[in-house]
Amino acid sequence: MQNQTVSELKDFVKKLNSLPEISRHINLAQHLSTFTSKQSFLAQLDMEHTIVEAQSYDICFEYIEEMIHKQEPFTNILRLLILFSVTNSGLPKKHFDYLRRELLHSYGFEHVVTLNNLEKAGLFRKQETKSTWLTINRALQLVVEDTDTAKYFFSSMRFASDITNFH
């Protein structure tokens, strides 16, 4: 299947479309691609990768701060904020207080309960100890550093996107 042309792949997919399950999956993939191809999704995905790899605390902090100021969806900010907090064993008091205050000012004080619950759960908290994330990450091999694997993953995503566009 690797040496097939795009038109051959399109014909193959058309043959598969006679199966309702395949058609359903292609429709779902097509629907999801409308979200995953957006620049905002790709930027957030890139930032998640930066956070998980613990590449630059300042860049991550500024990105979250910018998201708040741009009034990005609250849940998107919380996802990054939680990931950022967990991978850093919390945030320094100054940054924790600042982001909490900015979130409440930007999104309303009705979210104080959400932030308190996240804090109680240990998902958004003040930093009390040095982060152990890099040690855990290396020991459990949580981040794939093999560039061939990453290339395969992204080329597969591109291939899946191309197939859904033929339907």
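Predicted model only: the values in this text are computed from it and were never measured.

Definitions and limits used
Residues numbered from 1 in each chain as written. Predicted model: local features only at pLDDT ≥ 70, side-chain atom pairs only at ≥ 80, totals over all residues. Heavy atoms only, no water. Helix = DSSP H or I, 4+ residues; strand = E, 2+ residues; numbered from the N terminus. Buried < 20%, exposed > 50% of the residue type's maximum accessible area, 1.4 Å probe, protein only. Contact = heavy atoms within 4.5 Å. Salt bridge = Lys/Arg side-chain N within 4 Å of Asp/Glu carboxyl O.

(A) Fine view of the overall build of the chain. Secondary structure summary: the chain contains nine helices and zero strands in total. Going residue by residue from the N terminus, the α and β elements of the chain occur as α-α-α-α-α-α-α-α-α. Relative to its 167 residues, the chain shows a buried fraction of 28%. Long-range contacts, defined as pairs at least 24 residues apart, comprise 68% of the intrachain contacts of the chain with a sequence gap of at least 6.

(B) Representation of the pattern of salt bridges. This model, assessed by the stated rule, comprises four salt bridges. Where Lys70 meets Glu66, a salt bridge forms, and the shortest distance between an N and an O atom there is 2.9 Å. Note on Lys70: relative accessible area 53%, which makes it exposed. What makes Glu66 partly exposed here is its relative accessible area of 41%. For Lys93, the salt bridge goes to Asp97, with nearest N and O atoms at 2.6 Å. Taken as a pair, Lys93 and Asp97 lie in helix H6 (residues 93-107) at a separation of four residues, close to a single helical turn. Given the relative accessible area of 51%, Lys93 is considered exposed. When its relative accessible area of 24% is taken as the criterion, Asp97 is described as partly exposed. Bridged by salt links that share partners, the residues Lys93, Asp97 and Lys126 form one connected network.

(C) Representation of unusual backbone geometry. The backbone of Ala54 shows a phi angle near 50 degrees, a positive value even though the residue is not glycine. Here Ala54 lies in the loop between helix H3 (39-52) and helix H4 (57-69). Judged by its relative accessible area of 39%, Ala54 is partly exposed. Phi is positive for Ser89, which is not a glycine, with a value near 55 degrees. Here Ser89 is to be found in the loop between helix H5 (74-87) and H6.

Interpretation note: all reported values are geometric properties and have no functional meaning in isolation.
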